[in-house]
Amino acid sequence: MKLKIYGSGCAKCQALAKNATAAAQALELDYDLEKITDTNAIIDAGIMRTPALMVDESILVEGKVATADEIRQLLQSR
């Protein structure tokens, strides 16, 4: 599973990355985490608000810091 965090690298982006990691580990998933901070790459991905979480080319979270439990539920429903 490919997890991508889109944002400037601010505290909210870091919190989202931490929560996504915690959720993936809680579900014992095999995943790679990538952080994308390039503005053009964020725009090209269709992200309108950061921070954002994309999982396997689907945007799951955009414009907020989702909790680890919220992300875990989103990952389970995939």
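See the structure above.
Residues numbered from 1 in each chain as written. Predicted model: local features only at pLDDT ≥ 70, side-chain atom pairs only at ≥ 80, totals over all residues. Heavy atoms only, no water.

(A) Up close: the overall build of the protein chain. When you go through the protein chain residue by residue, the secondary structure sums to three helices and four strands. Sequence-ordered secondary structure for the protein chain, helices as α and strands as β, is β-α-β-α-β-β-α. Against the globule reference of 12 Å for 78 residues, the protein chain gives a C-alpha radius of gyration of 11 Å, in line with a compact fold. Along the first, second and third principal axes, the C-alpha set of the protein chain runs to 30 × 25 × 15 Å. When the 78 residues of the protein chain are sorted by exposure, 32% land in the buried category. (Helix = DSSP H or I, 4+ residues; strand = E, 2+ residues; numbered from the N terminus. Rg over C-alpha atoms; globule rule 2.2 N^0.38 Å. Buried < 20%, exposed > 50% of the residue type's maximum accessible area, 1.4 Å probe, protein only.)

(B) Fine view of unusual backbone geometry. Geometrically, the link from threonine 50 to proline 51 is a cis peptide bond, its omega value of 0 degrees lying close to zero. As for its placement among the helices and strands, proline 51 is situated in the loop between α2 (39–44) and β3 (52–55). With a phi angle near 50 degrees, aspartate 56 is a residue other than glycine that sits in the positive phi range. Following the sequence through the fold, aspartate 56 ends up in the loop between β3 and β4 (58–62). By relative accessible area, aspartate 56 is classed as partly exposed at 37%. Of note in the backbone geometry, glutamate 57 takes a positive phi value of approximately 75 degrees without being a glycine.

(C) Representation of the pairing of β3 within the structure. Every second residue of β3 is oriented toward a common face, with Ala52 and Met54 on one face and Leu53 and Val55 on the other, all of them buried. By the bridge criterion, four bridges tie strand β1 (residues 2–6) to β3 in an arrangement that is antiparallel. Opposite isoleucine 5, over in β3, you have leucine 53 as the bridge partner. By the bridge criterion, four bridges tie β3 to β4 in an arrangement that is antiparallel. (Pairing = 2+ DSSP bridges.)

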